[in-house]
Amino acid sequence: MVEKKQVFKNKKDITMQKKAASVFVQTLKNHGVDRFFCVPGESYLSVMDELLYSPGIEVVTCRHEGGAGFMAVADAKCTGRAGVAFVSRGPGATNASISVHSAHQGGIPMVLFVGQVNRISTGKMHLQEMDFLKTFSDMAKHVEQINNPSEIANVTARAFHIAESGIPGPVVIAIPTDVLEAKVNINDVKRIKINPPLAFPDKVNEISDILSKAKNPVLVVGGQIHSSTKAREFVRIVAENHKLPVLCTYEHQDIVSHNNIHYAGELGLRPPEPVRKNALEADVVLVVGHRFNGVPNMAYKFPSPNQTFIHVIPDPNAVGKVFRTNHGIVADCEDFLKQLSLVESKNIDNERDAWIKLCHERYLNNDATMSPKNANDGLDFAHLIDGLGELAPEDSIVTNDAGNFTSWMHHRFPFRSSMKLIGSEIGAMGMGIPAGIAAAIRFPNRQVFSLVGDGGALMTGSELATAVAQKAKIRVIVANNQHYGTIRYHQELHFPSREHYATNLVNPDFAKYGESFGLKCFTIEKVEEILPTIKKAMKVDGPSLIEFKMSLELNTSTTTITQLQMKK
Ligand SMILES: Cc1ncc(C[n+]2csc(CCOP(=O)(O)OP(=O)(O)O)c2C)c(N)n1
Ligand SMILES: [Mg+2]
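Thresholds applied
Residues numbered from 1 in each chain as written. Chains lettered and ligands numbered in written order. Predicted model: local features only at pLDDT ≥ 70, side-chain atom pairs only at ≥ 80, totals over all residues. Helix = DSSP H or I, 4+ residues; strand = E, 2+ residues; numbered from the N terminus. Buried ≥ 20, exposed ≤ 12 C-beta atoms within 10 Å, placed from the backbone. Expected span 1.5 Å × (residues − 1). Arc of directions from axis to C-beta. Contact = placed C-beta atoms within 7 Å. Pairing = 2+ DSSP bridges. Axes fitted to C-alpha atoms, helices over the stretch in contact; angles between N-to-C directions. Near = placed C-beta within 6 Å. Nonpolar A, V, L, I, M, F, W, Y, C, P; charged D, E, K, R; others polar. Domains from an automatic or database assignment. Core = buried A, V, L, I, M, F, W, Y, C linked by C-beta atoms within 7 Å.

## Details of the overall build of the protein
Right, on to step 1. Within the protein, the regular secondary structure consists of 22 helices and 20 strands.
Right, on to step 2. Summarising its shape, the C-alpha atoms of the protein cover approximately 80 × 60 × 45 Å along the three principal directions.
Right, on to step 3. Among the 568 residues that make up the protein, the fraction classed as buried is 55%.

## With respect to helix α9 (residues 201-213)
Right, on to step 1. With 13 residues, α9 ought to run about 18 Å at 1.5 Å a step, and its terminal C-alpha atoms sit 19 Å apart, in line with that.
Right, on to step 2. Along α9, the residues that are buried comprise Val 204, Ile 207, Ser 208 and Leu 211. One face of α9 carries all of its buried residues, which in axial projection span an arc of 105°.
Right, on to step 3. Buried positions along α9 lie against β12 (284-288), β13 (308-313), β14 (327-330) and α12 (333-342).

## Observations concerning the sheet that holds strand β17 (residues 448-453)
Right, on to step 1. Strand order in the open sheet made by the six strands is β16-β15-β17-β18-β20-β19, with parallel pairing throughout. In this open sheet, the two strands that pair with only one neighbour each are β16 (420-422) and β19 (520-524). Pairs of neighbouring strands in the sheet enclose a mean axial angle of 20°, with direction left out of account.
Right, on to step 2. On top of the sheet, helix α20 (residues 510-517) reaches β18 (474-480), β19 and β20 (544-549); it is set at about 175° to β19, its chief contact.

## Some remarks on the site of ligand 1
Right, on to step 1. Residues in contact with ligand 1 amount to 20 residues; listed here are only the nearest, Gly 403, Gly 453, Gly 455, Gly 485 and Thr 486.
Right, on to step 2. Mapped by element, the contributors of at least two residues to the shell around ligand 1 are α17 (454-457) and α19 (485-494).
Right, on to step 3. Taken together, the residues of the shell around ligand 1 sort by class into seven nonpolar, eleven polar and two charged.

## Description of the domain arrangement of the protein
Right, on to step 1. Split by domain assignment, the protein resolves into domain 1 (18-184), domain 2 (201-364) and domain 3 (368-566).
Right, on to step 2. Computed over C-alpha atoms, the centres of domain 2 and domain 3 are 30 Å apart.
Right, on to step 3. Across the boundary between the two partners, domain 2 contributes 14 residues, which contact twelve residues of domain 3.
Right, on to step 4. Classifying every residue of the side of domain 2 that touches domain 3 gives four nonpolar, five polar and five charged.

## As for unusual backbone geometry
Trans is the common state for peptide bonds, and a negative phi is the common state for residues other than glycine.
Right, on to step 1. The peptide bond linking Phe 302 to Pro 303 adopts the cis configuration, its omega dihedral lying at 0°.
Right, on to step 2. Considering the arrangement of structural elements, one finds Pro 303 in the loop between β12 and β13.
Right, on to step 3. Even without glycine at this site, Arg 89 takes up a positive phi of about 50°.
Right, on to step 4. Looking at where Arg 89 falls in the secondary structure, it is placed in helix α5 (residues 89-106).
Right, on to step 5. Classification of Arg 89 by C-beta neighbours within 10 Å gives buried; the count is 23.
Right, on to step 6. Look at Lys 243: it is not a glycine, yet its phi comes out positive at around 50°.
Right, on to step 7. Looking at the secondary structure, you find Lys 243 in the loop between α10 (229-241) and β10 (246-249).
Right, on to step 8. Here Lys 243 falls in the buried class, since 21 other C-beta atoms lie within 10 Å of it.

## Some remarks on the environment of Leu 342
Right, on to step 1. Looking at the element boundaries, Leu 342 is found in helix α12.
Right, on to step 2. Leu 342 sits 217 residues away from Met 125 along the chain, and the two C-alpha atoms are 59 Å apart.

## Observations regarding the nonpolar core
Right, on to step 1. Among the nonpolar cores identified, the biggest contains 114 residues, and Ala 85, Val 111 and Val 172 are the most heavily contacted of them.
Right, on to step 2. Looking at this core, the element that brings in the most residues is helix α4 (residues 65-79), giving eight residues.
Right, on to step 3. A domain split of this core shows at least three residues from each of domain 1 (18-184) and domain 3 (368-566).
Right, on to step 4. Once you skip the residues sitting within four places of it in the chain, Val 172 turns out to touch Val 100, Leu 112, Val 114, Phe 132, Phe 136, Ala 140 and Val 143.

Written out as structure tokens, the structure reads:
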């Protein structure tokens, strides 16, 4: 029963006696927060209580803070705004930390609120107490604990500003229980309006000239522009106007339609040789939106010292950090692309069309997109990806977990820029199912396919209960090869001719597992079952799951276990 909350004696009391939790909730709303993902805890009951009287924020109750955090990251990828998660003290925060790490390296805006012990208990190793400033200092863009109740609105507003500005990232805010419950005499705070840094038009013209005069330039896009529909359109126009092949960074290959002649491939994990050539043969490399740390630089080989490197990124600290940089442009990436799309390019060599065609053909004919093979121990995942490619509507959302099964998705699935790919830029297992749930709640009318391995499926599979509770129309596809197949691949590669330890898995019957949560489930054991089963799964008015009995022998889209063993 909802009871009347506070009895005020006179009007003055109303302004004097606001609960900090109340100001906090209103400040969240001012920042466009309409949903957060949580595992509740006794440390922030007052926030939940406040939401009862002040509706407008939907609370998605999750089964594990890792799931809640991944949902917040995925929600950010859907909206372009900070995704929000709420967890309780040390146990909740440490469970959620994988998503903070993922958002940090991926440059994804996120705010994680952590209920903290009362201030009087600080520094005493109180039950579940943790110094979050220390814990998250290497993982988050910013960490802060609100010790003064009067600061609650300001700090909350700044959290969103920091998470979303420059290169976005995760902000962790710890709030002691007694701070939330304190009475304050402050008002809620509105969103801080900040103009992002814009590129100087002269510099944009200079870059346009360099691109026009280049022989084999490439545009590399990813990171920050991934969640902007407008930026995708500017990428398309820039590629056409300036005659550029476009490479996409890891987990961002949906920025460009794969049937667009300008698409030159994905600089993901183990890119196929032809795609590597597209990158390495360029004379000018224009990277927009990505730090160019880690995966896309192909083990620090790209861009090489012989290539002119132009880096557009909204953070001066990211320029020249990893590579010698010829032109560093500290600017909002969408605006840079917009400006560049409006500059008329000149002096473009006629041979540029041939370069674009060559790059696209290399992508189309790369050795990772070979015809599906046969094996005795299960099906080639290529068949499933081909079926999905045939049936997925143009506005589909694909979420993916980590594992070798994704190699077919990365190299074979015909992404369109109208689709959305949501994966973890750190290759974190456990992202696939929660990400699908967050996307299905955000876009209830789009088909959402979540690709997971049998390993990842049981890392955050408990969130299937959340999918059922939320009536999220997610289609989970479990690529079941009964192994941590990726690690088995690395064992064969690096420690050949030995027993293979720790990589084979004992699994549940995934269809029965899903059914026990209330999902409609299917199993695919034959190639001819693929299309009818996907069609049936897509029609389910609620979450559905397909277990795909996959071969371990056909371990990646490029190699088989036997081939790896023959190399020994
Ligand atoms: C949270 C997390 N733990 C461990 C790893 C290391 N890892 C990468 S892939 C993988 C195996 C994935 O197995 P599965 O989901 O079955 O996919 P498969 O490799 O068989 O295709 C592991 C353990 C990781 N990336 N993330
Ligand atoms: Mg597996």
